[in-house]
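# Per-entry structural report
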Amino acid sequence: MNTFSIAIHGGAGTLVKGMMTPEKEKEYRLALEHALEGGYTILENGGSSIDAVEAAVKRLEDSRLFNAGKGSVFTAAETHEMDASIMDGQTLNAGAVSLISGIKNPVSLARDVMDKSEHVFMAGAGAMEFAKNNNYTLEDDSYFYDEFRHQQWIEIKDTDSFQLDHAKKKDSKFGTVGAVACDQNGNIAAATSTGGMTNKKFGRVGDSPMIGAGNYANNETCAVSCTGSGEYFIRGVVAYDVACLIEHKEMSLADAATEVISNRVLKLGGDGGLIAINAKGEIAMPFNTEGMYRASKSSNGVQKISIYK
Ligand code: ASP
């Protein structure tokens, strides 16, 4: 049987260690563990990697701790616009949604675009229409309201700046979410979901729903989910770049992932990290920021839940 494994992230960014209380840290660890288990159980029972990444990301979206689904940040217009994508490394099928609101689990809508439409990427009103036609119910604004995130937005709302889901030198709440998995058949998949960046202009689309930028999966190389300053991750075509280094330069998963995050993205000026997996079940989780909420579990017995370096 193939080694099966899963890795998840809850975002990377500036994370001031002193601002994290033991209680908070425990809360994050429990939420990560809960999501990890959701995906791992599927793999353990012989399920597919695509089902595992969707299940793990749904659990992260359902937590107010992370910037996706329930915990999504505010746009400059005081609204929520969410992005998500999913990709199957066996078939190279993919689905993505952007600029959606009111949807509890954007990753499932991305999955439905992949499974039930002729398209790969649907955005805005069209994506919402697609959701309606597939019997999604909409949550009202209060479901997505979080006092802390509202405060984050108030602090920069009248400026032109937008930021990763963390305030420099303040708190540490950030967190686009993602998962990558390798199942018992050696098939890999990736999923990513986000509320984007605080105070982003309405209509702004980040890297998370862009296949190749924030999310990518191909059995021949790797599955990748990114987090960080999306504009740079788009320009660096980051997720696909990791796959390219493996394919064309024959780099190992770990070397390729580190080269992209610690060298190429940094050179562009971007900060963030990624999680990556290959068909052997190997995992890499590099980041160039102070921390990245991350966790992994493998059938070889290794389990990790970490926040800082
Ligand atoms: N990459 C996301 C975006 O730019 C933000 C994040 O990773 O937190 O939308």
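What this report covers is the structure whose coordinates are included nearby. Numbers given for residues are sequential positions, taken from 1 along each chain in its written order. Since the coordinates come from a predicted model, pLDDT governs what is reported: local features require at least 70, and pairs of side-chain atoms require 80 or more to be given and counted, while whole-chain, interface and lining totals use all residues. Side-chain metrics in this entry use all non-hydrogen atoms of the structure; hydrogen atoms and water are not considered.

## Structural notes on the overall build of the protein chain
Secondary structure elements are defined from DSSP: runs of H or I of at least 4 residues count as helices, runs of E of at least 2 residues count as strands, and each element is numbered from the N terminus. Counting its regular elements, the protein chain contains nine helices and 12 strands. Restricting the calculation to C-alpha atoms gives the radius of gyration, and the globule rule supplies 2.2 Å times the number of residues raised to the power 0.38. Here the protein chain has a C-alpha radius of gyration of 17 Å; the compact-globule value for 309 residues is 19 Å, and the two agree. Along the longest, intermediate and shortest principal axes, the C-alpha atoms of the protein chain span 55 × 45 × 35 Å. Exposure classes here rest on a 1.4 Å probe applied to the protein chains alone. A residue is buried below 20% of its type maximum, exposed above 50%, and partly exposed in between. When each of the 309 residues of the protein chain is scored for burial, the buried share is 59%. Neither His nor the chain termini are counted; the positive set is Lys and Arg, and the negative set is Asp and Glu. Here the site of a charge means atom NZ of a Lys, CZ of an Arg, CG of an Asp or CD of a Glu. Taken together, the 30 basic and 40 acidic charged side chains of the protein chain have centroids lying 5 Å from each other.

## Points about the sheet that holds strand β11 (residues 291–298)
Here a strand pair is declared whenever DSSP counts at least two bridges between the two strands. Pairing in this open sheet of eight strands is mixed, and the strands run β4-β3-β2-β6-β5-β1-β11-β12 from one edge to the other. Looking at which strands have only one partner, the edges of the open sheet turn out to be β4 (121–123) and β12 (303–308). For this sheet the average axis-to-axis angle between neighbouring strands, irrespective of direction, equals 5°. Bridging between strand β2 (residues 82–88) and strand β6 (residues 188–194) involves six bridges; their strand directions are antiparallel. Residue pairing across strands places A84 opposite S193, the latter belonging to β6. We call two residues contacting when some pair of their heavy atoms lies within 4.5 Å. For helices, the axis comes from a line fit to the C-alpha atoms of the stretch in contact; other axes are also lines fit to C-alpha atoms, and the angle between any two N-to-C directions lies between 0 and 180 degrees. Taken strand by strand, helix α3 (residues 106–116) contacts β2, β3 (94–100), β4 and β6, and its axis lies near 130° from that of β3. Those strands touched by helix α4 (residues 124–133) are β3 and β4, and its axis lies near 105° from that of β4.

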